[in-house]
Amino acid sequence: MKGWVICGILLGNIIIQSSLFPFIQIYGVQPDSLAVLVVSFALLAGNPTSAIVGLAGGLLQDIIYGPCVGVYALQYMLAGYTIGLVYGKVFADKMMVCMFFVALMVLLREFLMFIQLFFTGLDVSIYNVFFTVILPEIVYTVAVTPLIYYLMRRLYKYRFMNRRWHFGN
Amino acid sequence: MSLIRFFRNRPLVIIVILSVLLIVAAVFTSQNDGSINAVEGIVGEIISPVQKILYSATSYVYNSISDIKERRELRTNYQNLKERVAYLEKELLRMNELEKQNQRLRRLLDFATEREEFVVTGARVTGKDPGNWFDIFTIDKGENHGIAVNMAVVTEQGLVGRIIEVGSNWSKVQSIIDARSSISGIIERTRDNGVVKGNNLFGFEDGTCSMIYLPLDSEIVEGDKVITSGLGGILPKGIYIGEVKEITRSKRDLYKTVIVEPAVDFRRLEEVLVVKGRTDD
């Protein structure tokens, strides 16, 4: 049941991200709702759920829009796994905690993207990237975090969502 | 059993293995031949119809809000515009000349109606790359409608991009402003050939293109029209791309570079036409 719910959330997310978000862009930047979902799962369920959500959500983006399969999946999985390590060690009920980790995740993911593109030979300036893409995206994504995190916390009130997954099964 | 226990106690090992697999997958799939594989096809078939409805609905709301905003701005500027009427009347003669030029260009732009044999199909935009980095979007027509890789995508305004991947009922389009896009273009007035590359790379998302490798002695001026050259046989010749916005050249360069403002409004793409390079394709 938990797996199906997560699949539904990820499919719904990619549809909304690609259909609705282009119309709410501000200066060409749109929020990264998948990052908010991954952080929510990391704080509410920890690993491996957050790493799996990152991997599956990233793969979905790769398949539909990515220039190649694996780029987004790697970024979201690594970010999901890293933030999932703090599960149980922070107050997941505090909205500010989630917003902080969302900002951290977007920063981490965009730097991974920057590094990947840097190694593909594209000539880019880190200064420009930070102030024109990364920072606005962090602000915008953090702004939509309360709504998504609120809905995720309500979802986690259902017992089936609290069934633990483990690595290796 | 012991293998499962081994992995269960070492999540980091699983993450490292998955990371390596994803990097390998990225390297392999970055060199694909333009066809959409089975997984891409199935996922696309599921998502595409829902995307289409959502995109149409949000597009309608967005355009309505934009219209209201534009009307309010027009009212504010009305007084200023009134004062400029006298000046504009003096410009009337020049404008008539420009109108004639515009009509000539319009005939060029109406590629679809004048040269129907090139038009494969009309299509609706169903979704856009969710990231802020690239400019790829999907349309609701694919192989079943006669679309093939490398076909040009146009609107009545000009060239939008080219098909890079084709599914049975959907296709991926790479726009000309994408940093990885590179097409052969020609300055309509001077007949200088060059390569039109997209400028939408992160940090520089200004929706323009750069036309490079133009001869140093070319007499390009701002406002010159850029069209496709047809070289390479991928895109048809004569599709309007945009106009020269700025000419840049450093002393060391062996060629001229110009910034091209595309004619297409990439923020409000809804319907496009897919056209082929040659009638015998």
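Scroll up to find the structure this text is about.
Now for a description of the structure that goes with this document. (Residues numbered from 1 in each chain as written. Chains lettered and ligands numbered in written order. Predicted model: local features only at pLDDT ≥ 70, side-chain atom pairs only at ≥ 80, totals over all residues.)

**Focus: the overall build of chain A**
Test applied: Each helix is a run of H or I in the DSSP string that is no shorter than four residues. Each strand is a run of E no shorter than two, and both are numbered from the N terminus. Any residue whose C-beta has 12 or fewer other C-beta atoms within 10 Å is treated as exposed, any with 20 or more as buried, and any in between as partly exposed, C-beta atoms being built from the backbone. Here, residue contact means that the backbone-derived C-beta atoms of the two residues sit within 7 Å.
For chain A, the helix and strand inventory stands at six helices and zero strands. Ordered by position in the sequence, the α and β elements of chain A form the string α-α-α-α-α-α. Considering chain A as a whole, with its 169 residues, one finds that 50% of them fall into the buried category. For chain A, the share of sequence-separated contacts (at least 6 apart) that also reach a separation of at least 24 residues comes to 70%.

**What about the pairing of strand β5 (residues 171-175) of chain B?**
Residue and element names in this part refer to chain B. This is how the line gets drawn: At least two bridges found by DSSP between two strands are what make those strands a pair.
Where burial is concerned, most of β5 is hidden: five out of the five residues are buried. A two-sided burial pattern is seen for β5, the buried positions comprising Ser171, Val173 and Ser175 on one face and Lys172 and Gln174 on the other. As judged from the four bridges shared by strand β2 (residues 136-139) and β5, these two strands associate in the antiparallel manner. Along β5, the bridge assignment pairs Phe137 with Val173. Relative to β5, strand β4 (residues 158-166) runs antiparallel, the two being bridged by five bridges. Bridge pairing in β5 links Glu165 to Lys172. Linking two consecutive strands that pair antiparallel, namely β4 and β5, is a turn of four residues.

**Re the sheet that holds strand β9 (residues 225-228) of chain B**
Residues and elements named next belong to chain B. Definition in use: Only the contacting stretch of a helix is used when fitting its axis, a line to C-alpha atoms as for every element, and angles between N-to-C directions run 0 to 180 degrees.
Strand order in the closed barrel made by the six strands is β6-β7-β8-β11-β10-β9, with antiparallel pairing throughout. In this sheet, adjacent strand axes meet at a mean angle of 40° when their direction is disregarded. For strand β7 (residues 193-198) and strand β8 (residues 209-214), the ladder comprises four bridges, and the chain directions are antiparallel. In the sheet register, Lys197 faces β8, and the bridge partner there is Ser210.

**Observations concerning the packing of helix α4 (residues 71-84) of chain A against helix α5 (residues 95-119) of chain A**
All names here are of chain A. What counts here: Handedness of each helix crossing follows the sense of rotation of the near helix against the far helix: counterclockwise by less than a right angle gives left-handed, clockwise gives right-handed. Residue type decides the class: Asp, Glu, Lys and Arg count as charged, Ala, Val, Leu, Ile, Met, Phe, Trp, Tyr, Cys and Pro as nonpolar, and the leftover types, Gly among them, as polar.
α5 packs onto α4 with a crossing angle of 145° between their chain directions and a minimal axis gap of 10 Å. Relative to α5, the crossing made by α4 is right-handed. Taken together, the residues of α5 that come into contact with α4 (itself represented by Val71, Gln75, Tyr76, Leu78, Ala79 and Ile83) are Phe101, Met105, Leu108, Arg109, Leu112, Met113 and Gln116. The class makeup of the residues in the contact of α4 with α5 is ten nonpolar, two polar and one charged.

**Examining unusual backbone geometry**
Residue A:Pro48 follows A:Asn47 across a cis peptide bond; omega there is 0°. Counting through the fold element by element, A:Pro48 comes out in the loop between α2 (33-44) and α3 (49-64). If you check the backbone angles, B:Arg191 has positive phi at about 60° while not being a glycine. Inspection of the secondary structure assignment puts B:Arg191 in the loop between β6 (182-187) and β7. Even without a glycine there, the phi angle at B:Tyr213 is positive, about 60°. Within the element layout of this structure, B:Tyr213 appears in strand β8.

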